[in-house]
Protein chains: 2
Amino acid sequence: MTIVDSPALVAGGGCPIAPVVDIVFSRWTTPILWQLNAHGRQRFTDLRDLVEGITAKVLTQRLRQLERDGLVERTSHPEIPPRVEYEITELGRSLAPVFAALVTWSEDNLDRVADAREGYDTSGRPRP
Amino acid sequence: MTIVDSPALVAGGGCPIAPVVDIVFSRWTTPILWQLNAHGRQRFTDLRDLVEGITAKVLTQRLRQLERDGLVERTSHPEIPPRVEYEITELGRSLAPVFAALVTWSEDNLDRVADAREGYDTSGRPRP
DNA sequence: CGGGATCCTCTTTGATACTG
DNA sequence: CAGTATCAAAGAGGATCCCG
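Rules behind the numbers
Residue indices follow the written sequence of each chain, beginning from 1 at its first position. Think of it this way: whatever chain is written first is A, whatever ligand is written first is 1, and the rest follow in order. Confidence filtering applies because this is a predicted model: local features only for residues at pLDDT of at least 70, side-chain atom pairs given and counted only at 80 or more, and all residues used for totals across whole chains, interfaces and linings. Hydrogens are left out, water is left out, and the side-chain values use all remaining heavy atoms of the structure. Distances are taken per atom, and a residue is near a molecule or strand as soon as one of its heavy atoms is within 4 Å of it. Polar contacts, as used here, are pairs of N or O atoms within 3.5 Å; protein pairs need one atom able to donate a hydrogen and one able to accept it. Residues neighboring in sequence count only if both atoms are side-chain atoms. The helix count covers DSSP runs of H or I at least four residues long, the strand count covers runs of E at least two residues long, and both are numbered beginning at the N terminus. Alignment of the copies relies on least squares applied to C-alpha atoms, considering only residues that score at least 70 for pLDDT in both. Residue contacts are counted whenever heavy atoms from the two residues lie within 4.5 Å of one another. Residue classes follow a fixed rule: Ala, Val, Leu, Ile, Met, Phe, Trp, Tyr, Cys and Pro count as nonpolar, while Asp, Glu, Lys and Arg count as charged, and any other residue, Gly among them, counts as polar. Note on definitions: salt bridges are taken to be side-chain nitrogens of Lys or Arg within 4 Å of carboxyl oxygens of Asp or Glu. The pairing criterion is simple: DSSP has to find at least two bridges between the two strands. Interaxial angle, 0 to 180 degrees, is taken between N-to-C directions of lines fitted to C-alpha atoms, where a helix line uses only the stretch in contact.

As for the protein's contact with DNA strand C
Then step 1. Around DNA strand C sit 17 residues, and of these A:Lys57, B:Thr45, B:Arg74, B:Pro82 and B:Tyr86 come closest.
Then step 2. When atoms of DNA strand C within 4 Å of the protein are sorted by moiety, sugar and phosphate together comprise 71%.
Then step 3. Between A:Arg27 and DNA strand C, the recorded distance is 3.1 Å, taken from a side-chain N or O atom to a phosphate oxygen.
Then step 4. Between B:Phe44 and DNA strand C, the recorded distance is 3.4 Å, taken from a backbone N or O atom to a phosphate oxygen.
Then step 5. Those elements that provide at least two residues to the surface near DNA strand C are helix H5 (56–68) of chain A together with helix H4 (44–50), helix H5 (56–68) and strand E3 (83–88) of chain B.

Digging into the relation of the copies chain A and chain B
Then step 1. Between chain A and chain B, which share one sequence, the superposing operator has a rotation angle of 180 degrees and an axial displacement of 0.0 Å; the RMSD is 0.0 Å. Such values leave the two copies arranged in the relation of a two-fold axis.
Then step 2. In this assembly, 100% of the residues forming the interface of chain A have copies in chain B that are likewise at the interface, indicating an isologous arrangement.

Re the protein's contact with DNA strand D
Then step 1. Of all residues adjacent to DNA strand D, which total 17 residues, the nearest are A:Thr45, A:Tyr86, B:Arg27, B:Lys57 and B:Pro82.
Then step 2. A share of 68% is what sugar and phosphate atoms reach among the atoms of DNA strand D within 4 Å of the protein.
Then step 3. A:Thr45 places a polar side-chain atom, nitrogen or oxygen, 2.4 Å from a phosphate oxygen of DNA strand D.
Then step 4. Between DNA strand D and B:Thr55 there is a distance of 3.3 Å, counted from a phosphate oxygen to a side-chain nitrogen or oxygen.
Then step 5. Residues of the surface near DNA strand D, tallied by class, amount to seven nonpolar, three polar and seven charged.

A closer look at the interface of chain A and chain B
Then step 1. The interface of chain A with chain B comprises 55 residues on the first partner and 55 residues on the second.
Then step 2. For the pair chain A and chain B, the number of links is six salt bridges.
Then step 3. With a shortest N-O distance of 3.4 Å, B:Glu90 and A:Arg112 are connected by a salt bridge.
Then step 4. At the boundary of chain A and chain B, one finds 10 residue pairs in polar contact (both at pLDDT 80 or more).
Then step 5. Of all the secondary structure elements, the ones that give two or more residues to the side of chain A that touches chain B are helix H2 (18–24), helix H3 (29–39), H5, strand E2 (72–77), helix H6 (90–93) and helix H7 (96–124) of chain A.
Then step 6. In terms of residues, the side of chain A that touches chain B owes the most to one element, H7(A), which gives 17 residues.

Let's talk about the sheet that holds strand E3 (residues 83–88) of chain A
Residues and elements named next belong to chain A.
Then step 1. With antiparallel pairing, the three strands of this open sheet are ordered in space as E1-E3-E2. Each of the sheet's edge strands pairs with one partner strand only, and the pair in question is strand E1 (42–43) and E2.
Then step 2. Packed on one face of the sheet, H5 meets E2 and E3 and runs near 115 degrees to E2.

Some details on the environment of B:Ile54
Residue and element names in this part refer to chain B.
Then step 1. Checked against the element boundaries, Ile54 lands in the loop between H4 and H5.
Then step 2. In this structure, the C-alpha to C-alpha distance between Ile54 and Pro31, residues 23 residues apart in sequence, is 9.9 Å.
Then step 3. Sequence-distant contacts of Ile54, defined by excluding residues within four places in its chain, comprise Trp28, Ile32, Arg48 and Leu59.

As structure tokens, then:
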């Protein structure tokens, strides 16, 4: 069994991109990758400050997951006090085209979503 | 206040693509859009069967959200028994390049993620 | 048939305290 | 500093029943 026919994909409703979505777009992973890509190698605390709103506990969880998936590399310096640095990997950087496509779509269509929401909230709600 | 400086984005850790991620990659939305795009207009029950694993309640919630965001259009036929059809909109189809980028990335890199996971689980776990 | 309402479970998250 | 442990809170999701 490979990653593409894992239970996660089957649970994804028969959608070919369900695995990537699980890997790249689970909660907090996008901001973490974005900040690591924008600011380079970061210490744990500095990264926590860059990713606004995240707690240390959750940041640790997400970094472990990203490290396991090969998108982020962890470097521990055996010093006192301890120093741990995180860096985006080449595999992580290979997501750049995906992120670029999302930026483009945002610029072109985010205001259309806002319009749709306004119309829906005003008068478009489902009628039976 | 526009959609791009909404609380959701601020909570997204200062990441420019956080709004799109909220809209497009919340749970189940990708499989739903994928199936609607692949199979065209669908009745509620048929769509539920296409999206494996989803319950009627959750499908309704997600469809409401997608309709509000303008990605899906709902058509209700006042008959007995009732008939409701869902269809992807032009705005929804404009996501095609994003989805295509994800397919490409999957084909090129999903096995690398699998390798990274195996290495991590075998011997790569964080050492203090 | 397409849901809405209700109840209940279970995972995720937050807050706080503690340690090598 | 960079976590881990623990407990409490919250929200998502499932199961079931009912209605137009």
